[in-house]
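Spelled out, the chains give:
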Amino acid sequence: DPLSGVTSLTNNGAFTMQDDQANDSLSAESWSGTGTATFDFAPGLGRSDHVVLSGDYTAATTLDLSLVGPSGRALVDIPLILVGGADTGSLEVTGLPEDGVISYRLVKNDEGWIVTTTLNDAPAHAASAVALLARGAAEATAVPLDRPDVCGEGRWVRTLGRTQ
């Protein structure tokens, strides 16, 4: 459940939101101090524990992301600290997933601190494998042009973490 009613957060030490589910949010006016924090982070679901500030972020925090949830990756921006006021603090993040088809990077923008995702260019051999799978899926599900009333035999194909 969301945690709210907190007027300010000072983490001169350790601050943890960790229950093995990346669905907690903390609402506060401001965040200051120096310390560490741990948030649950579910890249397969495209979400993380996060803090929403109505005021300023002036903290110097090292944030450790604890990976939870299903395997896989989502191509979405994931908020960590949303800042309504001045954002003059610093944030270092550890625990981001290794680069793969999708890369994760910490970004400071107008909304605050988020993890942004980008799609990596696939190496030639991976692109060839994806094309081969796509051709196989197209052939397996093709409908003959001379018999539009007959459906081709369908097969499920698993590609890049998704079922087609």
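Described in the following lines is the structure provided in the data block. (Residues numbered from 1 in each chain as written. Predicted model: local features only at pLDDT ≥ 70, side-chain atom pairs only at ≥ 80, totals over all residues. Heavy atoms only, no water.)

## Overview of unusual backbone geometry
Stage number 1. Look at Asp20: it is not a glycine, yet its phi comes out positive at around 70 degrees.
Stage number 2. Tracing the backbone shows Asp20 in the loop between β2 (13–17) and β3 (25–28). (Helix = DSSP H or I, 4+ residues; strand = E, 2+ residues; numbered from the N terminus.)

## Topic: the side chain of Ser103
Stage number 1. Secondary-structure assignment places Ser103 in strand β11 (residues 102–109).
Stage number 2. A distance of 3.2 Å separates the side chain of Ser103 from the side chain of Asp99, its partner in a polar contact. (Polar contact = N/O pair within 3.5 Å; in protein donor to acceptor, adjacent residues only side chain to side chain.)

## Remarks on the sheet that holds strand β9 (residues 78–83)
Where strands meet in a sheet, backbone hydrogen bonds hold them as pairs that are either parallel or antiparallel.
Stage number 1. Spatial strand order, β3-β7-β9-β12-β11: five strands in an open sheet with mixed pairing. Each end of this open sheet is capped by a strand with a single partner; those strands are β3 and β11. Ignoring which end each strand starts from, the neighbouring axes of this sheet average 25 degrees apart. (Pairing = 2+ DSSP bridges. Axes fitted to C-alpha atoms, helices over the stretch in contact; angles between N-to-C directions.)

## Some thoughts on the pattern of salt bridges
Stage number 1. One pass over the full model with this rule turns up one salt bridge.
Stage number 2. One salt bridge in this structure joins Asp99 and Arg105, with 2.8 Å as the shortest N-O distance.
Stage number 3. In this structure Arg105 comes out as partly exposed when scored by relative accessible area, which is 41%. (Salt bridge = Lys/Arg side-chain N within 4 Å of Asp/Glu carboxyl O. Buried < 20%, exposed > 50% of the residue type's maximum accessible area, 1.4 Å probe, protein only.)

## Quick notes on the packing of aromatic side chains
Stage number 1. Per the counting criterion, the structure on display carries five aromatic pairs.
Stage number 2. Ring geometry for Phe15 and Trp31: centres 5.8 Å apart, planes at 75 degrees, overall edge-to-face. Of this pair, Phe15 sits in strand β2 while Trp31 sits in strand β4 (residues 30–32); the two residues are 16 residues apart in sequence, bridging distant segments of the chain. Each member of the pair, Phe15 as well as Trp31, is classed as buried.
Stage number 3. Ring centres of Phe15 and Phe39 lie 6.2 Å apart, and the angle between their planes is 85 degrees; this geometry places the pair in the edge-to-face category. (Phe/Tyr/Trp six-rings, centres within 6.5 Å; stacked < 30°, edge-to-face > 60°.)

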